[in-house]
Amino acid sequence: MAAIKGNDKMAIKKERKRWPKFTESEIEILVDECLLNKKLLRSNFDENVTNQTMKEFWVDTTKKINMAGKNERPVDKVQIKWSHLKSETLTSARKKKNEARKTGGGEAAPVLTDIEQKNTTICG
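Right, let's walk through the structure included here. All of these numbers come straight from a predicted model, not from anything done at the bench.

1. Observations concerning the packing of aromatic side chains
Point 1. According to the stated counting rule, one finds one aromatic pair in the structure shown.
Point 2. Measuring from centroid to centroid gives 4.9 Å for Phe 57 and Trp 58, while their planes differ by 65°, and the two rings are edge-to-face. Exposure class is identical for Phe 57 and Trp 58. Each is buried.

Written out as structure tokens, the structure reads:
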């Protein structure tokens, strides 16, 4: 049996489909839908907020994003994008807060984008 060389290993590996980036309009729809359903996203599961209501929210949001965009995105990709947006926003807000607390002159604190400002109202 012959040894497999480096380039042959790459050919054996499965091709991974890469999803296109979210457009600004898709991100805006996602953030607006999450802003409208802020209580649902921030609440704990109880008799009013069930797993089914969360699934329905994400399915409806994904449908709206798919209608606006060129790509047919699955629900899990939209949820992952929301998770990443939240994380990036909280990091930016934390950096802005830390810069504002520094003493002395220097550069002004970085300004949050409109989407990041909306996210901070959702995330807290």
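2. Quick notes on the pattern of salt bridges
Point 1. Tallying each qualifying case throughout the model produces two salt bridges.
Point 2. In this structure, the salt-bridge partner of Arg 73 is Glu 26, at a minimum N-O distance of 3.1 Å. Of this pair, Arg 73 sits in the loop between α4 (51–68) and α5 (75–101) while Glu 26 sits in helix α2 (residues 24–36), and the two are 47 residues apart along the sequence.
Point 3. Residue Arg 73 is classed as buried on the basis of its relative accessible area of 3%.
Point 4. The partner of Lys 64 in a salt bridge is Glu 33, with the nearest N and O atoms 3.2 Å apart. With a gap of 31 residues between them, Lys 64 in helix α4 and Glu 33 in helix α2 connect regions that are remote in the sequence.
Point 5. Judged by its relative accessible area of 13%, Glu 33 is buried.

3. Focus: the packing of α2 against helix α6 (residues 114–123)
Point 1. Two elements in contact, α2 and α6, have axes whose closest approach is 10 Å; the angle formed by their N-to-C orientations is 25°. One element, α2, and the other, α6, form an angle in the roughly parallel class. Crossing angle aside, the handedness with which α2 passes α6 is left-handed. Contact with α2, carried on its side by Glu 24, Ile 27, Val 31, Asp 32, Cys 34 and Leu 35, involves Ile 115, Lys 118, Asn 119, Thr 121 and Ile 122 of α6 and no other residues of that element.
Point 2. Classifying every residue of the contact of α2 with α6 gives six nonpolar, two polar and three charged.

4. A few points about the nonpolar core
Point 1. Counting 16 residues, the largest nonpolar core has Leu 30, Cys 34, Trp 58 and Trp 82 as its most contacted members.
Point 2. Mapped by element, the contributors of at least two residues to this core are α2, α4, α5 and α6.
Point 3. Leaving out residues up to four positions away in the same chain, Trp 58 has contacts with Leu 30, Cys 34, Leu 41, Val 75, Val 78, Gln 79 and Trp 82.

5. Quick word on the layout of surface pockets
Point 1. Taken as a whole, the largest pocket encloses approximately 400 Å³ of empty space.
Point 2. Every residue lining the largest pocket is counted, 13 residues in all, and those nearest its centre are Trp 19, Pro 20, Phe 22, Lys 77 and His 84.
Point 3. Here the lining of the largest pocket is composed, by residue class, of four nonpolar, one polar and eight charged.
Point 4. What the second largest pocket holds in volume is close to 170 Å³.
Point 5. Lining the second largest pocket, in full, are Glu 24, Ile 27, Lys 81, Leu 85, Glu 88, Thr 89, Thr 113, Ile 115 and Glu 116.

Calculation criteria
- Residues numbered from 1 in each chain as written.
- Predicted model: local features only at pLDDT ≥ 70, side-chain atom pairs only at ≥ 80, totals over all residues.
- Heavy atoms only, no water.
- Phe/Tyr/Trp six-rings, centres within 6.5 Å; stacked < 30°, edge-to-face > 60°.
- Buried < 20%, exposed > 50% of the residue type's maximum accessible area, 1.4 Å probe, protein only.
- Salt bridge = Lys/Arg side-chain N within 4 Å of Asp/Glu carboxyl O.
- Helix = DSSP H or I, 4+ residues; strand = E, 2+ residues; numbered from the N terminus.
- Axes fitted to C-alpha atoms, helices over the stretch in contact; angles between N-to-C directions.
- Parallel < 35°, antiparallel > 145°, perpendicular 65-115°, else oblique.
- Left-handed = near helix turned anticlockwise from the far one by under 90°.
- Contact = heavy atoms within 4.5 Å.
- Nonpolar A, V, L, I, M, F, W, Y, C, P; charged D, E, K, R; others polar.
- Core = buried A, V, L, I, M, F, W, Y, C linked by side-chain atoms within 4.5 Å.
- 1 Å grid on protein atoms, 1.4 Å probe; cavity = no way out; pocket = protein on both sides within 12 Å on 5 of 7 lines; lining within 4 Å.
- Points joined across faces, edges and corners; volume = space filled by probe spheres on them.

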